[in-house]
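Understanding the architecture of this molecule
The lines below spell out each chain.
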Amino acid sequence: MTLKPRTTLGCLLSVAFSVTTLKAQDGQLPVSRTTGALTISLPKNKPTLMALPLADIVATGTVVTVDGPGLYTLTGTLPDVTTTAHALKVISRVDQRGAGASAPAGTSTNAYGLSAKITAKTGQQVAAALTTAPNAGDKCVIYKLRTLGQIFAGASLNTNAAEASADVVYLSSGGTFSGYFNTGSAWVSVATPAGADQSATVLDAGAAVLVVRKNLGADTSVRVTGVTLPGRETGAVAAGFKLVNNPFSISTTLEASGLQQYITGGTGPGSADTVYLENNGVITGYYYKTGGLGGSGWRVLGDNVSNQGAALVRPGKSLLFKEQAGLAGVTLPEPFAE
């Protein structure tokens, strides 16, 4: 069983959420300098678009060579990155302009911001299915990926042998939402509730979570610790809906985020990508209007005139992204760093 995105949005429009964060920086420092903890509230009877803004970085390095599709040799001493799930993230581009020493023909690839799970390691060589190959000289980090069981280990979610009385956690892949709930003894799939324990299900690199809580039990929270991943966040999306992780630990606005540079705008919501933000359990859709009646700028669905550029992109909150025009991808620039 999968959660239909349309149905999800239709029934999750009225509900409260709060985020408490340690202040790890002042002013407008790059968020990559942040280390700390984030407590993400999961109130009952409400949906939460939950992000995973902090990670456990186990290695940093530089791409020495691109050895073939998805094969990269890195500098430094690499730990064991395959016994448990880890991801490779490209955190810089050695040649931003596509010209110079790394691109003698005037072109260079741009994997900056991309992440992928590491599937193999031999010495200094790792295999990771990045959608675009990095350049030799690009910087990278390796960080641990989390499982369902790890993320919600400290949360007092409603558990039950029946989905109807249990809180449900949704992950998205290829435009489809797959749900999981906890029976009290195991995490199981909504599609196959009598199946095997799914607590070891690994969240993809760049993944986020939609938590739908029932009107049972009490408000609870998830505590995430680690370091903010440096650099922008870039990921491929499929036609339809996708949960996009927000890896940053400070608030920004739609206008200041620069997100409009990396999505497709349009003169109306039918020709533009839609970004859904959640606050206090209410999921609201925005698009970037490029012109026409009502002018240009960020607009909320249903109002093509009022400027919504001040809408907050909050730490601990993921984005629900609807790709319906243009390139199949989305990028969140690192606040105050680019």
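Right above here is the structure, for reference.
**Quick word on the pattern of salt bridges**
For the coordinates displayed, the defined rule picks out four salt bridges. Between Asp56 and Lys144 there is a salt bridge; the shortest N-O distance is 3.3 Å. Of the two residues, Asp56 is situated in the loop between strand 4 (47–50) and strand 5 (57–68) and Lys144 in strand 10 (residues 139–144); the sequence distance between them amounts to 88 residues. When its relative accessible area of 36% is taken as the criterion, Asp56 is described as partly exposed.

**Remarks on unusual backbone geometry**
Despite not being glycine, Asn45 has its phi angle at roughly 65°, a positive value. In this structure, Asn280 is a non-glycine residue whose phi angle is positive, near 55°. With respect to the helices and strands, Asn280 occurs in the loop between strand 19 (274–279) and strand 20 (282–289). We classify Asn280 as partly exposed; its relative accessible area is 38%.

**Here's the deal with the environment of Gly175**
One can find Gly175 in the loop between strand 11 (168–173) and strand 12 (176–182). Along the chain, Gly175 and Phe321 lie 146 residues apart, while their C-alpha atoms are 9.9 Å from each other.

**Some thoughts on the nonpolar core**
In terms of nonpolar packing, the biggest core is built from 21 residues, with Met50, Phe152, Leu203, Val209 and Val222 touching the most fellow members. Elements supplying a minimum of two residues to this core: strand 3 (35–42), helix 2 (148–151), strand 11, strand 14 (209–212) and strand 15 (220–227). Looking at which element gives the most residues to this core, the answer is strand 3, with three residues. Discounting residues that sit within four places of it in the chain, Val222 has contacts with Leu38, Thr39, Ile40, Leu42, Met50, Ile151, Phe152 and Ala155.

**Examining the environment of Tyr286**
You can see Tyr286 is positioned in strand 20. On the basis of relative accessibility, which here comes to 10%, the residue Tyr286 falls in the buried class. Considered as a pair, Tyr286 and Gln308 are 22 residues apart in the sequence and their alpha carbons are 8.0 Å apart. For Tyr286, the contacting residues outside a window of four places in its chain are Leu254, Asp273, Thr274, Val275, Leu277, Trp298, Arg299, Val300, Gln308 and Ala311.

Rules used throughout
Residues numbered from 1 in each chain as written. Predicted model: local features only at pLDDT ≥ 70, side-chain atom pairs only at ≥ 80, totals over all residues. Heavy atoms only, no water. Salt bridge = Lys/Arg side-chain N within 4 Å of Asp/Glu carboxyl O. Helix = DSSP H or I, 4+ residues; strand = E, 2+ residues; numbered from the N terminus. Buried < 20%, exposed > 50% of the residue type's maximum accessible area, 1.4 Å probe, protein only. Core = buried A, V, L, I, M, F, W, Y, C linked by side-chain atoms within 4.5 Å. Contact = heavy atoms within 4.5 Å.

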